[in-house]
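So you can see what is in the structure, the chains are spelled out below.
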Amino acid sequence: MLAFLFCGLLLAARVSVTWTMPAAEESSFDLENTPDLAEKISDIHAKVLEIWSELGRQREVNATEMHAMCQVQPSASLATDQPQVTGLVLFRQPWPGARLEAFFDLEGFPAEPNISSHAIHVHQFGSLSQGCESTGPHYNPMNVQHPQHPGDFGNFVVRDGRLWKFRSGLVASLVGPHSIMGRAVVVHAGEDDMGRGGNQASLENGNAGRRLACCVVAASSSAAWKYQVLRPPCDPHT
Ligand SMILES: [Cu+2]
Ligand SMILES: [Zn+2]
């Protein structure tokens, strides 16, 4: 039923695109110069999301929670004298449409200074072929500015080279049209300016600096999540 619904909407989008396609000789076009087309795509997008969230509400009662895991590794394109950050990011979503919860458990940051702040985001591609560089820009399905992207997790405090944090209320999703499954989590060398940096890069990526480490989000069982929940909080020696 759901598959049919999405197929229908996708078909509608394709038909809509066909009607407004420029002539063959103008085979390349961008959405900024075709506001009608952009608006139609945006409308269809909004409808798909509306239907998805309504279905999520209906399934809320009987839904089983979803889990995902991301095994963070240092970027293959990083110089060997750079910090080698490793660890886990775990996700839990109680039902489709619910806000996401996440555990971030990372180590290998420089121990000096004692406290630093690092940005973590979801980037578009789950490809690590060129290290974290091949994960592309921030995942931005709604074509909005940073920090309104679904995977803009913000800044994380690192103490003595270690990051351990639970976050809830995240807008990213493990299911649906804008699922982050198969996309990349990227850990940065610097702090996210949250779009207040006064330049274009700030509105695209928060000027968070070098990509230290990354991973691809994959579906998982609940075992790792349960283990984290039972651990004593923030003990760097366990
Ligand atoms: Cu990033
Ligand atoms: Zn962003």
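Remember, predicted model here, so these are calculated numbers, not experimental data.

The next subject is the overall build of the protein. Helix and strand counts for the protein come out as four helices and ten strands. The linear arrangement of helices and strands in the protein, starting from the amino end, is α-α-β-β-β-β-β-β-β-β-α-β-β-α. Expressed as a percentage of its 238 residues, the buried residues of the protein come to 28%. For the protein, long-range pairs separated by at least 24 residues make up 69% of all intrachain contacts whose partners lie at least 6 apart in sequence.

Right, let's get into the pairing of strand β4 (residues 115-123). In this sheet, strand β6 (residues 152-159) lies alongside β4 in antiparallel orientation, the contact comprising six bridges. Following the sheet pairing, isoleucine 115 is matched in β6 by arginine 159. As paired elements, β4 and strand β8 (residues 184-188) share four bridges and run antiparallel to each other. Residue pairing across strands places valine 122 opposite valine 185, the latter belonging to β8.

Right, let's talk about the nonpolar core for a bit. Counting residues in each nonpolar core, the largest one holds 37 residues, and the members touching the most others are Val72, Val89, Phe104, Val185, Val187 and Cys214. In terms of residue count, the dominant contributor to this core is strand β3 (residues 100-107) (five residues). Not counting chain neighbours up to four residues away, the residues in contact with phenylalanine 104 comprise Val89, Ile120, Phe156, Leu163 and Lys165.

As a further point, take the confidence of the model for the protein. Mean pLDDT over the protein stands at 84; residues scoring 70 or higher make up 76%. Low pLDDT, under 50, characterises residues 1-29; the predicted model gives this stretch 16 contacts beyond four residues in sequence or across chains.

Let's shift gears to the environment of cysteine 132. As for its placement among the helices and strands, cysteine 132 is situated in strand β5 (residues 129-132). You can call cysteine 132 buried: it has 26 C-beta atoms within 10 Å. A sequence separation of 54 residues divides cysteine 132 from valine 186, and the C-alpha atoms of the two residues are 7.1 Å apart.

Mapped onto the fold, alanine 172 is located in the loop between β7 (162-170) and β8. Accessibility expressed as a C-beta count within 10 Å gives 23 for alanine 172, which makes it buried. As for alanine 172 and glutamate 101, which are separated by 71 residues in sequence, their C-alpha atoms are 9.2 Å apart. In this view, alanine 172 contacts Leu100, Val122, Pro150, Gly151 and Ile180; residues no more than four positions away in its chain are not counted.

The next subject is unusual backbone geometry. In this model, glutamate 112 is joined to proline 113 through a cis peptide bond whose omega is 0°. With respect to the helices and strands, proline 113 occurs in the loop between β3 and β4. Note that the residue after histidine 146, namely proline 147, is joined by a cis bond; omega there is 5°. Within the chain, asparagine 143 stands out as a residue other than glycine whose phi angle is a positive 55°. One non-glycine residue with positive phi stands out, namely aspartate 160, at about 50°.

Right, let's get into the environment of leucine 88. If you trace the backbone, leucine 88 turns up in strand β2 (residues 86-93). Owing to 16 C-beta atoms within 10 Å, leucine 88 belongs among the partly exposed residues under this scheme. With 127 residues separating them in the primary sequence, leucine 88 and cysteine 215 have C-alpha atoms 8.9 Å apart. Those residues in contact with leucine 88 that lie beyond four places of it in its chain are Met69, Gln71, Val72, Asp105 and Ala224.

Calculation rules
- Residues numbered from 1 in each chain as written.
- Chains lettered and ligands numbered in written order.
- Predicted model: local features only at pLDDT ≥ 70, side-chain atom pairs only at ≥ 80, totals over all residues.
- Helix = DSSP H or I, 4+ residues; strand = E, 2+ residues; numbered from the N terminus.
- Buried ≥ 20, exposed ≤ 12 C-beta atoms within 10 Å, placed from the backbone.
- Contact = placed C-beta atoms within 7 Å.
- Pairing = 2+ DSSP bridges.
- Core = buried A, V, L, I, M, F, W, Y, C linked by C-beta atoms within 7 Å.
- pLDDT = per-residue confidence, 0-100.

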